[in-house]
Amino acid sequence: MDDRLTEQIRFLIEIDKLKTVHRRAKIIHGDRLENDAEHSWHLAMMALLLKEHANQDVDLLKVLKMLLVHDLVEIDAGDTFAYDAKGHEDKYEREKQAAKRLFGMLPPDQERELTELWEEFERMETIEARFASALDRLQPLIHNHLNDGDTWQTYGITSGQVTARNRKIAEGSEKLWELAQSIIAKSVEQGILAE
């Protein structure tokens, strides 16, 4: 096997660890926590189906790449809970170090591509990054709503916190932000999300 293929296979074996990184939200149709690999797959499917609701026309392939890459850093850095202010203080630095190690396993051209995709997602400056981020925020919102507010109740999360966290959905899709607001309101009405 040549060096390039060896590096690629080693990276693919390493990122299988994403299946072991658990998030705080449970899967919709079960009583276990979702893992990062499942989350990334679900986001890719959302992008494929919901592309038409982006605020502007997006490069779907680029969005899909970002969604598949953005959480790989959590293999080393761990999943930082969306509402953990303390954890967010050094999140970027932890993830940057993880990106350097993980993507550094690849041939230089692919290391550069994945690093650039990860950084673009983090900066949220392009239409693709804003849409990808909107999906990344909407998915756990849907999960929490359909799981009777399990994560929200476990960690004492309020509707104000959920609204503030998810307001950025509008930057990628006004239509999906309308949906998110509706989900938040219904969750409050149903008593599964505290005001």
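Refer to the structure above for everything that follows.
Remember, predicted model here, so these are calculated numbers, not experimental data.

A separate point is the overall build of the chain. Secondary structure assignment for the chain yields 12 helices and two strands. In the chain, the succession of α and β elements from N to C terminus is α-β-β-α-α-α-α-α-α-α-α-α-α-α. Relative to the globule expectation of 16 Å for 195 residues, the C-alpha radius of gyration of the chain, 17 Å, shows essentially globular dimensions. Counting only C-alpha atoms and orienting by the principal axes, one finds that the chain spans roughly 60 × 35 × 30 Å. In the chain, which comprises 195 residues, the share counted as buried stands at 46%. For the chain, the proportion of contacts with a sequence separation of at least 24, taken over those separated by at least 6, is 69%.

Taken as a whole, the largest pocket spans an internal volume of roughly 680 Å³. Forming the walls of the largest pocket are 32 residues, and the residues nearest its centre are T80, A82, H88, D136 and R165. Those elements that provide at least two residues to the lining of the largest pocket are β1 (22-26), α6 (91-103), α7 (108-123), α8 (127-146), α9 (150-154) and α10 (159-166). Here the element with the most residues in the lining of the largest pocket is α8; it accounts for six residues. What the second largest pocket holds in volume is close to 210 Å³. Every residue along the wall of the second largest pocket is listed here: Q8, F11, L12, I15, L68, V69, L72, L106, Q110, E113 and L114. Secondary structure elements with two or more residues in the lining of the second largest pocket: α1 (3-14), α3 (60-69) and α7.

A full pass over the atoms with the stated rule returns four aromatic pairs. Taken together, F81, Y83 and Y155 form an aromatic cluster joined through their ring pairs.

For the rest of this paragraph, the subject is the pairing of β1. Alignment of β1 against strand β2 (residues 33-35), held across two bridges, turns out to be antiparallel. Along β2, the bridge assignment pairs K26 with L33. Taken together, β1 and the strand that follows it, β2, pair antiparallel across an intervening segment of six residues.

Moving on, we come to a nonpolar patch on the surface. Judged by side-chain polarity, L5, I9, L12 and I13 come together as a nonpolar surface patch covering roughly 360 Å² of accessible area. Positionally, I9 belongs in helix α1.

Right, let's get into the pattern of salt bridges. Under the definition given, this model contains 20 salt bridges. With its nearest N and O atoms 3.9 Å apart, the salt bridge here joins R23 to D79. Of this pair, R23 sits in strand β1 while D79 sits in the loop between α4 (74-77) and α5 (85-89), and the two are 56 residues apart along the sequence. The pair R23 / D79 is uniform in exposure class, with both members buried.

Definitions and cut-offs
Residues numbered from 1 in each chain as written. Predicted model: local features only at pLDDT ≥ 70, side-chain atom pairs only at ≥ 80, totals over all residues. Heavy atoms only, no water. Helix = DSSP H or I, 4+ residues; strand = E, 2+ residues; numbered from the N terminus. Rg over C-alpha atoms; globule rule 2.2 N^0.38 Å. Buried < 20%, exposed > 50% of the residue type's maximum accessible area, 1.4 Å probe, protein only. Contact = heavy atoms within 4.5 Å. 1 Å grid on protein atoms, 1.4 Å probe; cavity = no way out; pocket = protein on both sides within 12 Å on 5 of 7 lines; lining within 4 Å. Points joined across faces, edges and corners; volume = space filled by probe spheres on them. Phe/Tyr/Trp six-rings, centres within 6.5 Å; stacked < 30°, edge-to-face > 60°. Pairing = 2+ DSSP bridges. Patch = residues over 30% accessible without salt bridge, like charges linked within 9 Å, V, L, I, M, F, W, Y side chains within 5 Å. Areas by Shrake-Rupley, 256 points an atom, 1.4 Å probe, with all protein chains shown as cover. Salt bridge = Lys/Arg side-chain N within 4 Å of Asp/Glu carboxyl O.

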